[in-house]
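For reference, the chains in residue letters:
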Amino acid sequence: MTSPTDSHALSMAADCVLAVEQAMREGQLWHNGAPTPAAMASRAPFCADTLAFTEWLQFIFVPRMRALIENGGPLPAASGIAVMAEAKLTGNTAAERRVIEVLAAFDRLVEREAN
């Protein structure tokens, strides 16, 4: 797990989060309106029962990771977000492929820091 003082890992995580947002915006995967509070309160992994995966990324993953980074960590103990991205995104567009690629890099970072 990343210690609160591991600024290099946090900087790399910040780069991943920014790259996800950029790819989503450029690929028109960024949503204009926020989901309802009830939809965001789902207890299902990735809010899969109430949100599209791209909504979960935008409204839950990105803000949570930004807050974690701004507060000095630590990074999550594990991450399997790229697998979910591969399952939920078609990968037919450059933006979707980029999102999957960046999330895989985030997973590798988390795994490396956990060991």
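Provided above is the structure to which this section pertains.
What comes next concerns the included structure. Just so it is clear, the structure is predicted and the values come from calculations on it, not from any experiment. (Residues numbered from 1 in each chain as written. Predicted model: local features only at pLDDT ≥ 70, side-chain atom pairs only at ≥ 80, totals over all residues. Heavy atoms only, no water.)

Next up on the list: the overall build of the protein chain. Along its length, the protein chain carries 5 helices and 0 strands. Reading the protein chain from its N terminus to its C terminus gives the helix and strand order α-α-α-α-α. In terms of overall size, the protein chain behaves like a compact globule, its C-alpha atoms giving a radius of gyration of 14 Å where 115 residues would be expected to give roughly 13 Å. In terms of overall dimensions, the protein chain has a C-alpha envelope of 35 × 30 × 20 Å along the principal axes. Considering the protein chain as a whole, with its 115 residues, one finds that 43% of them fall into the buried category. Considering only contacts in the protein chain between residues 6 or more positions apart, those separated by 24 or more positions represent 70%. (Helix = DSSP H or I, 4+ residues; strand = E, 2+ residues; numbered from the N terminus. Rg over C-alpha atoms; globule rule 2.2 N^0.38 Å. Buried < 20%, exposed > 50% of the residue type's maximum accessible area, 1.4 Å probe, protein only. Contact = heavy atoms within 4.5 Å.)

In this section: the nonpolar core. Buried together is how nonpolar side chains tend to be arranged in soluble globular proteins. Core analysis: the largest hydrophobic core is formed by 37 residues, its most contacted members being Phe-53, Trp-56, Leu-57, Phe-61 and Leu-103. Residues contacting Leu-103, with those up to four places away along its chain left out, are Val-20, Phe-53, Leu-57, Phe-61, Ile-81, Ala-82 and Ala-85. (Core = buried A, V, L, I, M, F, W, Y, C linked by side-chain atoms within 4.5 Å.)

Right, let's get into the environment of Met-84. Mapped onto the fold, Met-84 is located in helix 4 (residues 81-88). Met-84 gets classed as buried once you look at its relative accessible area, which sits at 17%.

Glancing now at helix 4. Those residues of helix 4 not exposed but buried are Ile-81, Ala-82, Met-84 and Ala-85. The buried residues of helix 4 all sit within an arc of 160° when viewed along its axis, so they share a single face. Relative to its buried face, helix 4 has exposed residues pointing more than 90 degrees away, namely Val-83 and Ala-87. (Arc of directions from axis to C-beta.)

So, about the pattern of salt bridges. Tallied over the entire structure, the rule returns 3 salt bridges. Through salt bridges that share partners, Glu-21, Arg-25 and Arg-66 make up one connected network. (Salt bridge = Lys/Arg side-chain N within 4 Å of Asp/Glu carboxyl O.)

Attention now goes to the environment of Gly-73. Relative to the helices and strands, Gly-73 resides in the loop between helix 3 (53-70) and helix 4. Not counting chain neighbours up to four residues away, the residues in contact with Gly-73 comprise Leu-10 and Leu-68.

In this section: the side chain of Glu-55. Checked against the element boundaries, Glu-55 lands in helix 3. For the buried Glu-55, which has no salt bridge, the nearest side chain bearing the opposite charge is Lys-88, at an N-O separation of 11 Å. Among the polar contacts made by the side chain of Glu-55, one reaches the main-chain amide nitrogen of Ala-52 at a distance of 2.8 Å. Discounting residues that sit within four places of it in the chain, Glu-55 has contacts with His-31, Pro-35 and Ile-60. (Lys, Arg positive; Asp, Glu negative; His and termini not counted. Polar contact = N/O pair within 3.5 Å; in protein donor to acceptor, adjacent residues only side chain to side chain.)

Honestly, that's just the spatial picture; any functional story needs more than this.
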